[in-house]
Structure formats: structure tokens, C-alpha cells
Amino acid sequence: MERLKRRGIRVTAVTKAVCGHPAVARAMLDGGAEGLAEARLSNVKRLRNAGMMCPITLIRTPMLSQAGDVVQVCEASYNTEIKVIAALAAAARGQNTVHGIILMVEMGDLREGIMPQDLGDMAQQVVDMPGVALKGIGANFACLSGTAPTDGQMRAMSVLADDVEGQCGPFLQTVSGGNSANLAWATDGNATGRINDLRIGEAILMGVDPVSGDQIGGLFKDAFTLVAEIIETGEKSARTLASCADSTLPRLRIVQNNSETTRLLLAIGLQDTEATGLTLPRGNTLVGATSDHLVICTNDGTLCVGSKMRFQMNYSALMRAMSAPDIQTNLKNSPSVPNAGESQGRSKHPTLV
Ligand SMILES: *Cc1c(COP(=O)(O)O)cnc(C)c1O
């Protein structure tokens, strides 16, 4: 975060992959993030219920049906629809407050965003609307289309920021250039122009640049570990496996040919995480995954029923695990916290450490 700060870019930490886990959010703020951003209102409420007072921005354009709640718990939100902004404004007037609006511009990812040529008009409408204040503009890259932003796109965004100010007046506090996929651009020595904010989740949590896959200096790649319990061990012949395989199931179904290995069944499945996003301990291979089971081949003879196996996760596997009701979240040096929306005290086996 220091490296970005020196370049005039502040970090808004994105907590959606940990479902707004308050302790993780606090760690992000302690690490230098200036505020938090969330995609889901339920996660924002979880943060607020845990006493988080920092600015929280909703980065998924709000649902019309949630406008009142959005104004209540978020200082600002990213928006693309004037109908939604009007509802936020009405709610804000009703609550005697002013809600911040950041307009999301389409810059090539083809997910959310106002077309650049429509931005000026939309900005003017926001400026003219009581109950909301135009706080900035933002763009998003590498989500739907998978391409990282170029320096040219970032320069175009700076020009858009100047244009909007020229056209309708207010200084834009926030010009948010994108997400973790912007890090290479931000640290490459390019002029940052008007870009003064990035919304970063993956890079902080996973410790890697999502575009290059390179570890980021000073960050850990193993902040999260998924632990699952073995519920069956033993040999099963490859022939039996092959004859059971249903070719209509497109899931992983790699039949091993190494007879030295033992087959393990683990009490964790696709309902809990993304099997293809797991890194297995050395000497283990993933055979397949179903909704509630993982099948693994191992050459570790010490593993038995009741043994725990530990996995590293990619971002999607983490996101799924953190929101799975049967995964318990244990923080190092603190008591375990159930995942969002769970009843307290339920005993569960797989854990995130
Ligand atoms: C998820 C998301 C981010 C954060 O992306 P990371 O890849 O986790 O850094 C930023 N902005 C928007 C709009 C998002 O949906």
C-alpha cells in the first residue's frame, strides 16, 4: 500500500472474497487501506454490525430494491443507472443525509459501466439531484473479459475525469482506476494522471498479482489454508473407477494409473469450494470432486481416516469456501468465527486458518 501511496494512489480494500469478515477487514485497514469496498449489502451489514466505522463503498451497482439500506450503511456506491441513483437520492433525502455517487464507466471489460460518451450527461444529472453528491468515477478491468488495463486506457480515464469536471463542475475526489489487475500498471512507473484510487481484494488476500501470477514483495501467499478431513481410505481398482464414470458429468475425472498410490475420500466438495482452485500437498493428486466429496490419490502412507489434509486456494476457491455454510473460519490467535449467516457453535470439520 505504501508503494501505491507514493504514486498518489490510495487503496480501497475489497472484502467480498471473505464475505466482509470483520477481522480480515480490520487487518486490511491496519495495513494501510483508506476504506473498504463490498459487492454485497449483507457483507456491509456484517462489517457494520461488528462495529466498523470506516467508509464503506458498495462496488456492485445497487439493487433498486435495496436503495434505502444502501444509503443507511454505505457512504457511497458505484452506479450506472439513473433510476437507481434517483432511488438512492430519494432515500438519502428521507434519511436526512447525502449519499456519494461514483459513476462506473465502461472502459473495455464489458461488464458494468456507462458508455464514455454518456458520462457527462449522467454526471450532470447526478450533480443536479438533491440527496446525492458526485464523488468520482471508476472503471473495472479484467473481470469479464480478462484483459488487464493498458496505460492508454488509464490515460483515457484521466481525460474523462477532467472532462466531467469541465462539464459539470464539482471536483472529483475519487478516480478509481480498477482492481488488482491494475497493479502492474500502477507500479510500472507510468504516469498515474488523475487515477488516485484502486479497489484491491485479490492481491491483498492472495499475495499475488492476478495477471502475472507473481508473488508481491512483502506479502504472503499462504494467508489462508483450507483444512479437510479424510473419511475413507483404501484401494479401488482403476477399472472400477472407469466403469462408474459417467461421461455426461463434465467434472474432473482423471483416473490414475499409479498403483503405488492410495485413494482418499475427503469430507469436502464443490458445495464448499472450487476443487480446481486447490493446490494439493506434494505427493497428492486430485482424482475428482462431487458436491460433497473430494477424491484424492496419495503416496503418503501415514494418512488415515480422521487425518486432516491442508490445501492452498486460489481466489475463487477462497471466495466459495468463505461463503460455504459448512466451512468454519479459524483465525490464527483468535477464537473461531462461523461463516456469514450461520448459527453459532455448530461443530464443523473443514476450516480456514
Ligand atoms: C471484485 C471487484 C474489485 C476487486 O477486485 P480484486 O480482483 O479482488 O482486486 C474491484 N472492483 C469491482 C467493481 C469488483 O467487482
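Use the structure listed above.
Procedures and definitions
- Residues numbered from 1 in each chain as written.
- Predicted model: local features only at pLDDT ≥ 70, side-chain atom pairs only at ≥ 80, totals over all residues.
- Heavy atoms only, no water.
- Salt bridge = Lys/Arg side-chain N within 4 Å of Asp/Glu carboxyl O.
- Helix = DSSP H or I, 4+ residues; strand = E, 2+ residues; numbered from the N terminus.
- Buried < 20%, exposed > 50% of the residue type's maximum accessible area, 1.4 Å probe, protein only.
- Near = heavy atom within 4 Å.
- Polar contact = N/O pair within 3.5 Å; in protein donor to acceptor, adjacent residues only side chain to side chain.
- Areas by Shrake-Rupley, 256 points an atom, 1.4 Å probe, with all protein chains shown as cover.
- Nonpolar A, V, L, I, M, F, W, Y, C, P; charged D, E, K, R; others polar.
- Expected span 1.5 Å × (residues − 1).
- Arc of directions from axis to C-beta.
- Contact = heavy atoms within 4.5 Å.

Caption draft 1: View of the pattern of salt bridges. The tally for this structure, following the rule as stated, stands at ten salt bridges. The partner of E165 in a salt bridge is R194, with the nearest N and O atoms 2.7 Å apart. Pair noted here: E165 is in helix 7 (residues 151-168) and R194 is in the loop between helix 8 (183-187) and strand 8 (197-200), with a separation of 29 residues, a long-range link. You'll find E165 and R194 in the same group, each marked buried.

Caption draft 2: Inspection of the site of the ligand at higher detail. Close to the ligand lie 14 residues; K16, S180, R199, E202 and Y315 are nearest. Contacts to the ligand include N140, whose side-chain N or O atom sits 3.4 Å from a nitrogen atom. G201 places a main-chain nitrogen or oxygen 2.9 Å from an oxygen atom of the ligand. Taking 380 Å² as the accessible area of the ligand by itself, protein coverage stands at 94%. Taken together, the residues of the shell around the ligand break down into five nonpolar, four polar and five charged.

Caption draft 3: Seen up close, helix 7. For helix 7, built from 18 residues, the straight-helix expectation of 26 Å at 1.5 Å per residue is met to within 8% by its first-to-last C-alpha distance of 26 Å. Those residues of helix 7 that sit buried are M154, M157, S158, L160, A161, V164, E165 and C168. All buried residues of helix 7 project into a common sector of 155° when viewed along the axis, lining one side. The outward face of helix 7, more than 90 degrees from its buried face, is lined by the exposed residues R155 and G166. Of the surrounding secondary structure, the elements contacted by the buried residues of helix 7 are strand 5 (99-105), helix 6 (116-127), strand 6 (132-139), strand 7 (174-176) and helix 8. Looking at the residues trailing helix 7, positive phi occurs at G169, about 105°.

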